[in-house]
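Letter by letter, the chains look like this.
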Amino acid sequence: MAITFEQVNFSYGQGSLSQPILKDISTTIPSGKITAIIGQTGSGKSTLVQHINGLLKPTNGKVIINDFELTSQTKEKQLVALRAQVGMVFQFPESQLFANTVLEDVMYGSLNFGQDHLAAKEAAQAALTMVGLPSQHWDKSPFALSGGQMRRVAIAGTLALNPPIIVLDEPAAGLDPLGQAELVKLMLNLKKQDKTVVLISHQMDQVMTVADWTLVMHQGQVIAAETPTTLFNRPLSWFKKVHLDLPTAGQFAQQLMAQGWQFKERPLTLEQLAQAINQEVTIHE
Amino acid sequence: MNSIVIGRYIPGNSWIHRLDPRTKIILTFVYIMILLFANSWGTYLVATIFLAGVIYLTKQPLNLYWQGIKPILWLILFTVILQIFFTDGQPVLWQWRFIKVTLPGLINAIYVVIRFVLIILMSTIMTLTTPPTSIASALESLLGPLKKLKVPVAELALMLSIALRFVPLLMDETQKIMNAQKSRGMSFSTGGPIKRAKAVVPLLVPLFVGALQRALDLANAMEVRGFKDADHRTRYRILAYHRADYISGLMMVLFIIVFSLINLKGW
């Protein structure tokens, strides 16, 4: 289920009032991998991912999602089929909860796509188990849960549809460290099930840990499409220019280098950092 | 959502933008009142010229005004049809049973269209060039005398400005929730009336929950920053009339004089 953007342009408004948001984007999001989209606020990340399930249609160009072709001409009726293929979890997804019980809310999507009640219930239970919400909460009102639990319910609402492609728009924003760690586990779990995961994130550590591929957006364009390791080995001046940071380990290594330390390679994970420091110390001894 | 022009404020620095909001409210009100006395081609012509002048002074693209009229075209059309077919008078141009088209009916219909368009455009100009918060503080100032009658004018104005402030926010929120539910397979534009009515629940519940949450947050934020009651607050912007306001008042008086003369002559 690869996703291919072919010369995609998108602008809001028409004529003289039009504002270009995406400029001539041609890139591919690999199938069965976790792809992280990073870039500063307003660079067009959310606009880009909303083209994957047809919430937005390209003004020019096309998006090919598996065998579905999305262009400016695509009709609203055809989009329902696409949305069954692409699950999307928005920023602060807990704001979409509405049903009387947690279980009902998670079942909502499956029922929309015409599953029968029993199958929907089973899918919902499986999804809730997957996000790690204990079954004692399933019959409660979603509004009686904590913020972190509500987030899980909302994510389960998307997973229950079992879509081959899952888009997560800053899913970790506002979660506590434990919640974030569980989210990482969940994404790796989805990848194991051969799902294509698209993740918008501002946390470079998270990107380094989970992502197989990264797209960097800047002013409506994709300016880098490569593995996280290649990306985070780019020169520091580049990161400054596009207002991005290195992962924590990389930043720490920079500080050490400012103190006169030397590294053969830039450490990008805490593990690599520890190894590199250990090596340096051994050499000096 | 961006296509709604009525009630929208577009920032700018035109002569009209810079007028005191009270001036704009009063003059818009007076203009609409005067328009109700229009009864001849001449009077409508003067009123149209006056409005054209004001539109020119706002320095906004004409297309914007057209966008403002478009959504209510059907309402105008409906009124026109009523006017054309149900006005009595002579001479009768066409008749079928109780439905007839008369010359006064036709003329009236045209008058109604012009009047409608002029009123809408003038109020659009007012909201287009005045930030909602300014409208609220202008109303507070204009309704000030009612304070003596124990009407909580300051609170009302504050409520109005908060409500206005929340409109774009809620529209944004609605769009977000619609996107989320659409991604879960909900279709807001297909299906029968019952299905469509049902589709509203997953939209309204989160919208209300969110709005109440926001309201609580806002109330807390206001109290934390020392809000006690609206009456004893001093203001960030102090309203004051300037030369431009007197000039526009004078223009309005001039317009009224010309209008009345034409009206009396029956041109």
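Residues numbered from 1 in each chain as written. Chains lettered and ligands numbered in written order. Predicted model: local features only at pLDDT ≥ 70, side-chain atom pairs only at ≥ 80, totals over all residues. Heavy atoms only, no water.

*Asks:* Help me get a handle on the packing of helix H3 (residues 41-58) of chain B against helix H11 (residues 243-265) of chain B, residues and values and all.
*Replies:* All names here are of chain B. Two numbers describe how H3 lies on H11: the axes approach to 9 Å, and their chain directions differ by 165°. With respect to H11, the element H3 is oriented roughly antiparallel. The element H3 and its partner H11 pack so that their crossing is right-handed. Between H3, through Gly42, Thr43, Val46, Ala47 and Phe50, and H11, the contact on the second element is made entirely by Met251, Met252, Phe255, Val258, Phe259, Ile262 and Asn263. (Axes fitted to C-alpha atoms, helices over the stretch in contact; angles between N-to-C directions. Helix = DSSP H or I, 4+ residues; strand = E, 2+ residues; numbered from the N terminus. Parallel < 35°, antiparallel > 145°, perpendicular 65-115°, else oblique. Left-handed = near helix turned anticlockwise from the far one by under 90°. Contact = heavy atoms within 4.5 Å.)

*Asks:* Go over the interface of chain B and chain A with me, naming the residues and quoting the values.
*Replies:* Between chain B and chain A, the residue contacts involve 16 residues of the former and 20 residues of the latter. When the two sides are added together, the surface that chain B and chain A hide from each other amounts to roughly 1,700 Å², 59% of it contributed by carbon and sulfur. Together, B:Lys182, B:Ser183 and B:Arg184 form the three largest contributors to the area buried by chain B at its contact with chain A, with a combined 41%. Summed over the shared surface of chain B and chain A, the result is 4 residue pairs in polar contact (both at pLDDT 80 or more). With 6 residues, the top contributor of residues to the side of chain B that touches chain A is helix H8 (residues 153-183) of chain B. Considering only residue class, the side of chain B that touches chain A consists of 8 nonpolar, 6 polar and 2 charged. (Buried area = accessible area lost by both parts, 1.4 Å probe. Polar contact = N/O pair within 3.5 Å; in protein donor to acceptor, adjacent residues only side chain to side chain. Nonpolar A, V, L, I, M, F, W, Y, C, P; charged D, E, K, R; others polar.)

*Asks:* Hey, could you go over the UniProt feature "transmembrane region" (unreviewed entry) in chain B for me, with residue numbers and the actual values?
*Replies:* All names here are of chain B. On the UniProt side, "transmembrane region" (unreviewed entry) is annotated at positions that read residues 25-58, 64-86, 106-129, 149-171 and 244-264 here. With 83% helix and 0% strand, residues 64-86 has its two end C-alpha atoms placed 34 Å apart. The annotated region residues 244-264 carries 100% helix and 0% strand content, and the separation between its end C-alpha atoms amounts to 30 Å. (UniProt positions renumbered as here; feature names shortened; annotations may be inferred.)

*Asks:* Describe in detail the pattern of salt bridges, supporting the description with residues and values.
*Replies:* Here the structure, examined in full by the defined rule, presents 9 salt bridges over all chains. The shortest N-O distance in the salt bridge between A:Glu94 and A:Arg151 comes to 2.8 Å. In this pair, A:Glu94 sits in the loop between strand S6 (86-89) and helix H3 (102-112) while A:Arg151 sits in helix H5 (residues 147-159), placing the two residues 57 residues apart along the sequence. Judged by its relative accessible area of 17%, A:Glu94 is buried. Residue class for A:Arg151 comes out buried when judged on its relative accessible area of 3%. Linking B:Arg22 and B:Asp20 is a salt bridge whose minimum nitrogen-to-oxygen distance equals 3.0 Å. (Salt bridge = Lys/Arg side-chain N within 4 Å of Asp/Glu carboxyl O. Buried < 20%, exposed > 50% of the residue type's maximum accessible area, 1.4 Å probe, protein only.)

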